[in-house]
Amino acid sequence: RIGRMAHIFKDMVQIREAQLVQIAPGGIIVRIVKGPEYSAQDEKKLVAEMQNRLGADITLDFDYVDAIPRTAAGKLRFVISEIDDGKLTGLLSS
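K.L.:
I'm lost on the overall build of the protein in this one. Help?
P.N.:
Looking only at helices and strands, the protein features one helix and four strands. Order of helices (α) and strands (β) in the protein, N terminus to C terminus: β-β-α-β-β. With 94 residues in all, the protein has 31% of them scored as buried. Sequence separation of 24 or more characterises 61% of the internal contacts of the protein that already satisfy a separation of 6 or more. For the protein, the exposed area adds up to about 6,600 Å²; of that, 48% sits on carbon and sulfur atoms.

K.L.:
Sorry if this is basic, but what is going on with the sheet that holds strand β1 (residues 15–24) here?
P.N.:
Strand order in the open sheet made by the four strands is β3-β2-β1-β4, with mixed pairing throughout. Single-partner strands in this sheet number two, and they are β3 (59–64) and β4 (79–81). In this sheet, adjacent strand axes meet at a mean angle of 20° when their direction is disregarded. Where helix α1 (residues 40–54) meets the sheet, it contacts β1, β2 (27–34) and β3, and its direction lies at approximately 145° from that of β3.

K.L.:
Teacher, can you tell me more about the packing of aromatic side chains here?
P.N.:
Aromatic ring pairs are described here by two measures, namely the spacing of the ring centres and the angle between the planes. One pass over the full model with this rule turns up three aromatic pairs. Where F9 meets F78, the ring centres are 5.4 Å apart and the plane angle is 90°; that geometry is what we call edge-to-face. Residue F9 is found in the segment before β1, and its partner F78 is found in the loop between β3 and β4; the two are separated by 69 residues along the sequence. Residue classification places F78 among the buried residues on the basis of a relative accessible area of 14%. Members of the aromatic cluster, each reached through a chain of ring pairs, are Y38, F62 and Y64. Geometry around Y64 places K34 over its ring, the cationic atom sitting 4.6 Å from the centre.

K.L.:
Explain the environment of P69 here, please?
P.N.:
Counting through the fold element by element, P69 comes out in the loop between β3 and β4. Taking relative accessible area as the criterion, P69 reaches 61% and is therefore assigned exposed. Residues P69 and Q19, spaced 50 residues apart in sequence, show a C-alpha to C-alpha distance of 9.7 Å.

Thresholds applied
As a convention, each chain's residues are numbered from 1 in the sequence order in which they are written. This being a predicted model, a pLDDT of at least 70 is required before a residue's local features are given, and a value of 80 or more before pairs of side-chain atoms are given or counted; all residues contribute to the totals for chains, interfaces and linings. In computing side-chain properties, one takes all heavy atoms of the structure into account and sets aside hydrogens as well as water. Secondary structure elements are defined from DSSP: runs of H or I of at least 4 residues count as helices, runs of E of at least 2 residues count as strands, and each element is numbered from the N terminus. Buried residues are those whose accessible area, probed at 1.4 Å on protein chains only, stays under 20% of the maximum for their type, while exposed residues exceed 50% and partly exposed ones sit between those limits. Two residues form a contact once any of their heavy atoms are found within 4.5 Å. Computed with the Shrake-Rupley method and a 1.4 Å probe, the accessible areas treat only the protein chains shown as cover for residues. Two strands are said to pair when DSSP picks up at least two bridges between them. Note on method: axes are straight lines fitted to C-alpha atoms, helices fitted across the in-contact stretch only, with angles between N-to-C directions ranging 0 to 180 degrees. Within 6.5 Å between ring centres, the rings of Phe, Tyr and Trp (the latter by its six-membered ring) count as paired, and their orientation is classed by plane angle as stacked under 30 degrees, edge-to-face over 60, tilted in between. In this scheme, Lys NZ or Arg CZ marks a charge over a ring once it lies within 6 Å of the ring centre and within 35 degrees of the ring normal.

Shown next as structure tokens:
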């Protein structure tokens, strides 16, 4: 389950808004509202940063949108994970 990763976007000035959506383990949908100068190089940099933190096996699907929906309170949720919190059990013997 991914956590907060806003630091990845810190220097990405060509991205107006972003949202990470995790529907299944090992895969993330990256929703992006592009700035006017956004390029393929920006996407490459973002892929490298995310793989550096999440592993090279992570699957990233980019979804370029005009706007990212807000919550009922008008806030932007940066990370949406549809994976239930789990517990590691049975891995350690006492």
